[in-house]
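A closer look at the structure
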Amino acid sequence: MKSIKSNPWILPQPVLIIGTYDKNGVANAMNAAWGGQWDMHEIMISMGSHATTDNLELNNGEFTVTFATKETAIAADYVGIVSARKEPNKLEKTGWSIEKAPNVNAPVFTNFPITLECRTTKKIDESETGYYLVAEIVNILVDEKYLAEDGKPDVEKMNLIVFDPIHMGYIQLGNRVGNAFSDGKSLK
C-alpha cells in the first residue's frame, strides 16, 4: 500500500447547496462539501466565512440544504466558486426556480429532487474564519417524481453527485448493490 499524507478525503462527500436570504430578501446559494448527518434529526456542515454565514445571522440561522445532481452540477459548481459578496445576483445565471420554504425563512430551489428545511441549533469552534454548523432538520421536501412506490424518496432516481476531493471532480452515484441491515446476516 502507498502511504499518502493526511488529506480531507472522507468518501463520498455530498455536494450540498445551502440556500439563504440576504438582508434584502434576495435568495443566495453556496456549495458546501464538508457536511453530513449529525444524528437522527440534525446535520452538520463546516462553514467558512461567506455571504451565507452573514445571511444565517440575519435569518435566525434558518436555511435550506439540497443535494446537487448530474443535471444541476454546472450551476452547483458555479455557486461554489462565485461569492454573493462580489456577485449579489449570482443565482440569475443558474436558471434555478426559487420558492420560499414553507417552514423556514429560506429559499427552495425547485430544480433539485430533495430539500431539507433547517434551523441552526449550535455553532462549534466559531472564529473569524468560520465554524461548524449543527442544524435541526425541520422538514423535508421531495419532488413527487422522485418518490418510490412506498411514498419515500427514491435515491436511485435522483442522479445525485458526490465531490471527488482527490481529483477535484464530481461523480454521479450509481445503482443499489445491496440491502443495509440485512445482507450481512448471511454471515451469521
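Heads up: these notes are all about the structure in this document.

About the criteria used
Residues numbered from 1 in each chain as written. Predicted model: local features only at pLDDT ≥ 70, side-chain atom pairs only at ≥ 80, totals over all residues. Heavy atoms only, no water. Salt bridge = Lys/Arg side-chain N within 4 Å of Asp/Glu carboxyl O. Helix = DSSP H or I, 4+ residues; strand = E, 2+ residues; numbered from the N terminus. Buried < 20%, exposed > 50% of the residue type's maximum accessible area, 1.4 Å probe, protein only. Core = buried A, V, L, I, M, F, W, Y, C linked by side-chain atoms within 4.5 Å. Contact = heavy atoms within 4.5 Å. Pairing = 2+ DSSP bridges.

**Comments concerning the pattern of salt bridges**
- One pass over the full model with this rule turns up four salt bridges.
- Put simply, D54 and R85 hold a salt bridge, and the shortest N to O gap is 3.1 Å. In this pair, D54 sits in helix α1 (residues 51-58) while R85 sits in the loop between α2 (73-81) and β7 (98-100), placing the two residues 31 residues apart along the sequence.
- Since its relative accessible area comes to 44%, R85 is described here as partly exposed.
- Linking R119 and E62 is a salt bridge whose minimum nitrogen-to-oxygen distance equals 2.9 Å. Of the two residues, R119 sits in strand β9 (residues 114-127) while E62 sits in strand β6 (residues 62-67), which places them 57 residues apart along the sequence.
- Taken together, the shared-partner salt bridges connect E57, K123 and E126 into one network.

**As for the nonpolar core**
- I17, A29, V79, L91, W96 and F109 are the most contacted members of the largest nonpolar core, which totals 19 residues.
- Among the secondary structure elements, those contributing two or more residues to this core are β2 (16-21), β3 (27-32), α2 and β11 (161-164).
- Top contributing element to this core by residue count: α2, with five residues.
- When residues no more than four places from it in sequence are discounted, the contact partners of V79 are I17, A29, M30, N31, K90, L91, T94 and W96.
- Of all hydrophobic cores here, the second largest spans 16 residues; its members include L16, I18, V65 and L116.

**Some remarks on the pairing of β9**
- As paired strands, β6 and β9 are joined by five bridges and run antiparallel to one another. Across the sheet, residue T64 finds its bridge partner in β9, namely E117.
- Here β9 pairs with strand β10 (residues 130-142) via 11 bridges, running antiparallel. Note on β10: the bridge partner recorded for I124 is Y132.

**A word on the sheet that holds strand β1 (residues 13-14)**
- Strands sit in the order β1-β11-β12 across an open sheet of three strands; the sheet is antiparallel. Of all the strands in the sheet, just β1 and β12 (169-172) have a single pairing partner and so form its edges.
- Note that β11 and β12 share four bridges and pair antiparallel. Paired with I161 across the bridge in β12 is Q172.

**Structural notes on unusual backbone geometry**
- Along the chain, L11 connects to P12 via a cis peptide bond; the corresponding omega equals -15°.
- Residue position: P12 is located in the segment before β1.
- Phi is positive for D125, close to 55°, though the residue is something other than glycine.
- The topology assignment puts D125 in strand β9.
- The phi dihedral of F181 is positive, around 60°, even though this residue is not glycine.
- Locating F181 in the fold gives a position in the segment after β12.
- F181 sits in the exposed class, given a relative accessible area of 83%.

All we've got here are geometric facts, nothing functional implied.
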